[in-house]
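Take a look at the letters that make up each chain.
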Amino acid sequence: MRLANLGGRAVLLTDGTAVDVESASGGRFAADPTSLYRRWDEFRSWADGVRNVAGEPVEPARLGPPVPEPRQVFGIGLNYGAHAAESGVGVPAEPAVFTKFPTCITGPVGEVALPDGDSRVDWEIELVVVIGRTARDVPASRAWERVAGLTAGQDLSERTMQFAGPVPQFSLGKSHPGFGPTGPCLVTPEEFDDPDDLRLRSSLNGECVQDGRTGQMVLPVAELVARLSRTVTLLPGDLIFTGTPEGVGFARQPPRYLAPGDELVSDVEGIGELRQRVVEPRATRNGTSHV
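Because the structure is predicted, anything quoted here is derived from the model rather than measured. (Residues numbered from 1 in each chain as written. Predicted model: local features only at pLDDT ≥ 70, side-chain atom pairs only at ≥ 80, totals over all residues. Heavy atoms only, no water.)

## Thoughts on the sheet that holds strand E18 (residues 263-268)
1) Next: Across the sheet, which stays open at both edges, the five strands sit in the order E9-E19-E18-E15-E16 with mixed pairing between neighbours. Taken across any chain shown, the strands that pair with only one partner, and hence form the sheet edges, are strand E9 (109-113) and strand E16 (207-213). Ignoring strand direction, the axes of neighbouring strands in this sheet form an average angle of 20°.
2) Next: Note that strand E15 (residues 199-204) and E18 share five bridges and pair antiparallel. What sits directly across from Arg201, in E18, is Asp267. (Pairing = 2+ DSSP bridges. Helix = DSSP H or I, 4+ residues; strand = E, 2+ residues; numbered from the N terminus. Axes fitted to C-alpha atoms, helices over the stretch in contact; angles between N-to-C directions.)

If you want it as structure tokens, here you go:
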């Protein structure tokens with residue numbers, strides 16, 4: 001099953017068209033995509049039986065985030081050995097966890113305004129896990145049962161704030177408006193030949209800057225869900241950004257960051273593409289000076 005958010009309404013993607021969930025279910029399920037995750041088993045049972053329902057064409061620019069209002073958004077740092085090496089640090093024994101505040105979550109296509117001031121905005125293509133059932137103290141062997149599906153995400157990161165001392169501000173540096181593009185849809189695990197080994201890539205202005213496979217993750221999806229659930233209760237609709245492969249901007253020589261006019265295109269195998277255009281800071285566009 002492929003579930004998307006088209007103009008704020010939940011839709012099933014079938015044969016290149018979008019079937020409106022509220023209409024097709026006769027009102028049994030609401031149009032709000034977030035509400036479906038709280039009734040995930042019931043919704044899946046219904047959706048699996050949908051056949052021969054007419055849909056409308058899908059315009060990528062109208063797609064929103066598959067989960068527009070997640071209650072919790074987790075990020076995992078240094079979950080690829082090569083990325084840890086390029087960052088100059090070792091692979092942690094336990095997942096390096098931060099949060100992305102939910103207001104940064106956006107859809108797969110759009111603009112990203114650089115923050116005001118001396119910003120250094122970097123890219124990080126990631127596989128994003130969407131939780132479908134409440135998870136608490138779940139063993140890794142049962143963790144996929146708690147997963148609704150997978151989507152693509154960009155963990156955009158403002159490095160100046162992220163690495164500011166004396167205590168780094170990972171969560172703030174990764175939560176500016178538009179810093180969490182996700183989509184273009186949620187894909188349920190059974191759609192993949194192997195949901196633990198998907199190719200993910202990013203290109204900047206047509207140049208490939210990241211190219212890896214999720215099979216290279218230090219801690220795979222099941223282990224991340226299990227370890228997070230030992231400490232926190234994972235809720236339906238929660239997002240887990242699972243880490244990024246090597247190729248980020250700050251680790252390059254010289255470092256490279258996003259600039260106005262750049263186009264960042266990201267793709268996860270079997271899920272689809274994200275496309276962000278980078279624009280000037282809001283203060284600059286409004287004709288006001290920086291503080």
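## Quick look at the pairing of E16
1) Next: Judged from the six bridges that link them, E15 and E16 form a sheet pairing that is antiparallel. Note that in E16 the partner of Leu200 across the bridge is Gly212.
2) Next: Here E15 folds back onto E16 in antiparallel fashion, the turn holding two residues, of which Asn205 has a positive phi close to 55°.

## So, helix H3 (residues 40-47)
1) Next: Along H3, the residues that are buried comprise Trp40, Phe43, Arg44, Trp46 and Ala47. Buried residues of H3 fall within an arc of 165° about the axis and therefore sit on the same side. (Buried < 20%, exposed > 50% of the residue type's maximum accessible area, 1.4 Å probe, protein only. Arc of directions from axis to C-beta.)

## So, the packing of aromatic side chains
1) Next: If you walk through the whole model with that rule in mind, you get eight aromatic pairs.
2) Next: Taking the centre distance of 5.3 Å and the plane angle of 10° together, the rings of Tyr37 and Trp40 count as stacked.
3) Next: Taking relative accessible area as the criterion, Trp40 reaches 6% and is therefore assigned buried.
4) Next: Three or more aromatic residues joined by ring pairs form one cluster here, namely Phe29, Tyr37, Trp40, Phe43 and Trp46. (Phe/Tyr/Trp six-rings, centres within 6.5 Å; stacked < 30°, edge-to-face > 60°.)

## Some words on empty space enclosed by the protein
1) Next: Applying the stated criterion to the full structure yields one cavity of 30 Å³ or more.
2) Next: Here the largest cavity defines a volume of roughly 50 Å³.
3) Next: Of the residues in the lining of the largest cavity, the class split is nine nonpolar, two polar and one charged. (1 Å grid on protein atoms, 1.4 Å probe; cavity = no way out; pocket = protein on both sides within 12 Å on 5 of 7 lines; lining within 4 Å. Points joined across faces, edges and corners; volume = space filled by probe spheres on them. Nonpolar A, V, L, I, M, F, W, Y, C, P; charged D, E, K, R; others polar.)

## Overview of helix H7 (residues 221-231)
Because each turn of an α-helix spans 3.6 residues, side chains separated by three or four positions end up pointing in the same direction.
1) Next: With eight of its 11 residues buried, H7 lies for the most part within the structure.
2) Next: For H7, the set of buried residues is Val221, Ala222, Leu224, Val225, Ala226, Arg227, Leu228 and Ser229.
3) Next: Its buried side turned inward, H7 meets strand E6 (73-77), strand E7 (96-99), strand E11 (125-131), strand E12 (147-154) and strand E17 (239-241). (Contact = heavy atoms within 4.5 Å.)

## Some points on the nonpolar core
1) Next: In this structure, Leu150, Val225, Leu234, Ile240, Val268 and Ile271 are the most contacted members of the largest nonpolar core, which totals 35 residues.
2) Next: Counting residues per element, the ones that place at least two in this core are strand E1 (2-6), E6, E11, E12, strand E14 (180-187) and H7.
3) Next: Among the elements that make up this core, the one with the highest residue count is H7 (five residues).
4) Next: Non-local contacts of Leu150, meaning those with residues more than four positions away in its chain, are made with Leu127, Val128, Val129, Trp144, Cys185, Leu186, Val187, Phe192, Pro195, Leu198 and Ile271.
5) Next: Within the second largest apolar cluster, 34 residues are counted, among which are Val19, Val21, Val73 and Val121. (Core = buried A, V, L, I, M, F, W, Y, C linked by side-chain atoms within 4.5 Å.)

## Notes on the side chain of Arg227
1) Next: Inspection of the secondary structure assignment puts Arg227 in helix H7.
2) Next: Within the structure, the side chain of Arg227 is placed 2.8 Å from the side chain of Glu223, a separation counted as a polar contact.
3) Next: Discounting chain neighbours no more than four positions away, the residues touching Arg227 are Ala93, Glu94, Pro95 and Leu219. (Polar contact = N/O pair within 3.5 Å; in protein donor to acceptor, adjacent residues only side chain to side chain.)

## Points about the confidence of the model for the protein chain
1) Next: Of all residues in the protein chain, 97% have pLDDT values of 70 or greater, and the mean over the chain is 95.
2) Next: Summarising per-element confidence for the protein chain, the mean pLDDT is lowest in helix H8 (residues 282-285) (68) and highest in E17 (99). (pLDDT = per-residue confidence, 0-100.)

## Let's talk about unusual backbone geometry
Leaving glycine out, the prevailing phi sign among residues is negative, and the prevailing peptide bond configuration is trans.
1) Next: Cis geometry marks the peptide bond from Gly183 to Pro184; its omega dihedral reads -5°.
2) Next: Within the secondary structure, Pro184 is located in strand E14.
3) Next: Put simply, Gln253 and Pro254 share a cis peptide bond, and its omega is -5°.
4) Next: Within the secondary structure, Pro254 is located in the loop between E17 and E18.
5) Next: Phi at Leu78 takes a positive value of approximately 55°, unusual for a residue other than glycine.
6) Next: With respect to the secondary-structure elements, Leu78 resides in the loop between E6 and helix H4 (81-86).
7) Next: Phi at Asn205 takes a positive value of approximately 55°, unusual for a residue other than glycine.
8) Next: Mapped onto the secondary structure, Asn205 falls in the loop between E15 and E16.
9) Next: Residue classification places Asn205 among the partly exposed positions, given a relative accessible area of 45%.

## Digging into the state of the cysteines
1) Next: Within the structure shown, the criterion is met by zero disulfides.
2) Next: With no disulfide of its own, Cys104 lies closest to Cys185 among cysteine sulfurs, the gap being 19 Å.
3) Next: Given the relative accessible area of 0%, Cys104 is considered buried. (Disulfide = S-S within 2.5 Å.)

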